[in-house]
Each structure stands twice: as C-alpha cells, then as structure tokens.
Amino acid sequence: MTNSIEVPFIEEARKLFDPDIVNKAQRLAISSIKGKLKTRISKLARGKYNITAGKIAEALKMNIQDSNGLRSAELNYTGKRFSLINFSPRFRKVSTTGRRGHLKGRKIRRYGASAKVTKTSRPYLVPGGFIASGTNGNVQIFQRIERLGSKSRLRKLTGPAVAQMVSDEAVLSGVDDFLDKEFPKDFENKLNYLLEKAAG
C-alpha cells in the first residue's frame, strides 16, 4: 500500500506569489506533514487491528523526492502476513468426531484455537486450528491439511499484513480526511512565514 502526499493547488499559489517561495513552502510543508501522516496511519490501523505501533513502523519505507523545485513523499508499507499466533491466540475446547482407531465415529473433546484479528470483532474459532510448536520450536497456530500415515502435514496460519491493514477502507478514509484538513494549514503557515521573511 502506498500513500502519496500531493499539492493540488500549487499552480494557483504560484500565480499569486513568487514561485520559488511557493515551492519552498511546499517542500517544508511536505517535510512537516509526513511525520504526522505516519502517526495518523498507525493510529487508525491500531484502532481496528490488534497490532502494535512498532510492527507498523517496521513495515514502513518512506521515499522523499525533489523534482522541479517541488517535493513528493511516498509512504510504502511492505512485509509478509503476520502469523495468526500474533492475534490474541487462545486455547478453546471444541467437540469433534473421531476418525481413527477406537475413537472413530465417537464424539470427543480436543483443544482448538481462537484468534482476534480486529478489536471490533469477537474472538473467533479457527476452523481446524490448534496451537503447537513447529519443527523450529516456534509456537504457531496450525491446521492439518493432509494426513500421511500416522503423521499429518501442517500449515501455519496467518493473518493480514500491515499493507492490508493500512489499505482498509476506514483507514484510507481517515487518511484522506486528515490530509484534506491538515496539509492546507501546514502549507499556508509555511508560505506566510516565508513571505513575511522575504518582506523583511
């Protein structure tokens, strides 16, 4: 997911004031707003998902470029999907039907797994999921996908990646509202400061 900061009204400002001063004000405003935008995106994502600010920051790659006197800022969120074990895992007793040996066809109780990916939803039972240590010793939520004789082939279950979280419709809407409100103010403040400085 990429968030870009742009200035739609830059040409109008250039017609009214010294273009060099307008360009500098735009560059200063971009530099000022990018940190605030990063914080806002993190807060919006954490408002819905069970994710820490540190995890979101680790996924961020910021790109700043200057071209023709103007500055652009691009916030790219990358990285793999998080293991489901990171989303409030819990053991959950479940009823199932035995498939092998003397338990075949009988109702039995076993421990399944539940997870809570978003803060706005209740914990859900992971279909066929269970909590166990993998071959490397890391505890994960697994699901059996194939039985091979007396053994089973397992799949580690995952939740969303940061890029998916910050691409959520509610998060994007909040980002748009923030930029529409805050960037014009930042740009105006920087422009007024530079014009006053130039006037002596």
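Attention in this report is confined to the structure presented alongside it. (Residues numbered from 1 in each chain as written. Predicted model: local features only at pLDDT ≥ 70, side-chain atom pairs only at ≥ 80, totals over all residues. Heavy atoms only, no water.)

Turning to helix α5 (residues 169–199), a few remarks are in order. Taking 1.5 Å per residue as the helical rise, α5 with its 31 residues ought to reach 45 Å, and the 45 Å between its terminal C-alpha atoms agrees with that figure. Along α5, the sharpest change in direction is near 25 degrees and occurs at L179. Regarding α5, the residues found buried are V171, G174, V175, F178, L179, E182, F183, D186, F187, L191 and L194. Structurally, the start of α5 carries an N-cap: the backbone nitrogen of A170 is 2.9 Å from a side-chain oxygen of D168. Looking one or two residues past α5, G200 carries a phi angle of roughly 80 degrees, positive in sign. (Helix = DSSP H or I, 4+ residues; strand = E, 2+ residues; numbered from the N terminus. Expected span 1.5 Å × (residues − 1). Bend = angle between axes of the 7 residues up to and from the residue. Buried < 20%, exposed > 50% of the residue type's maximum accessible area, 1.4 Å probe, protein only. Polar contact = N/O pair within 3.5 Å; in protein donor to acceptor, adjacent residues only side chain to side chain.)

It is worth spelling out the pairing of strand β3 (residues 70–77) at this point. A regular strand carries its side chains on alternate faces of the sheet. Examined bridge by bridge, strand β2 (residues 60–67) and β3 share 8 bridges and lie antiparallel to one another. By the bridge assignment for β3, L60 is matched with Y77. Hairpin connection between β2 and β3: a loop of 2 residues separates the two successive antiparallel strands, and N68 in this loop has a positive phi of roughly 55 degrees. (Pairing = 2+ DSSP bridges.)

Residues L37, I41, Y77, L84, I141, V162 and F187 are the most contacted members of the largest nonpolar core, which totals 42 residues. Every element with two or more residues in this core is listed here: α1 (10–16), α2 (19–48), β3, β5 (107–115), α4 (162–166) and α5. With 9 residues, α2 is the largest single contributor of residues to this core. (Core = buried A, V, L, I, M, F, W, Y, C linked by side-chain atoms within 4.5 Å.)

Right, let's talk about unusual backbone geometry for a bit. Backbone geometry at N68 places phi at a positive 55 degrees, although glycine is not the residue there. Positionally, N68 belongs in the loop between β2 and β3. N68 sits in the exposed class, given a relative accessible area of 70%. Of note, S88 is a non-glycine position whose phi angle comes to about 45 degrees, a positive value.

Glancing now at the side chain of K116. Mapping K116 onto the fold places it in the loop between β5 and β6 (124–125). Buried and unpaired, K116 has D168 as its nearest opposite-charge partner, separated by 14 Å. K116 has contacts with N50, F87, S88, S121, R122 and P123, leaving out every residue within four places of it along the chain. (Lys, Arg positive; Asp, Glu negative; His and termini not counted. Salt bridge = Lys/Arg side-chain N within 4 Å of Asp/Glu carboxyl O. Contact = heavy atoms within 4.5 Å.)

Moving on, we get to the pattern of salt bridges. One pass over the structure, following the stated rule, counts 4 salt bridges. Among the salt bridges present, the one from D66 reaches R71, with a minimum N-O distance of 2.7 Å. Under the relative-accessibility criterion, D66 is labelled partly exposed at 47%. Among the salt bridges present, the one from K185 reaches E182, with a minimum N-O distance of 3.6 Å. A residue pair is termed a helical-turn pair when its members lie 3 or 4 positions apart in one helix, as K185 and E182 do in helix α5 at 3 residues.

Further remarks concern the environment of K38. The topology assignment puts K38 in helix α2. For K38, a relative accessible area of 36% translates into the label partly exposed. Sequence separation of K38 and M62 is 24 residues, and the distance between their C-alpha atoms is 9.4 Å. Not counting residues within four places of it along the chain, the set of residues in contact with K38 comprises L60, M62, L75 and Y77.

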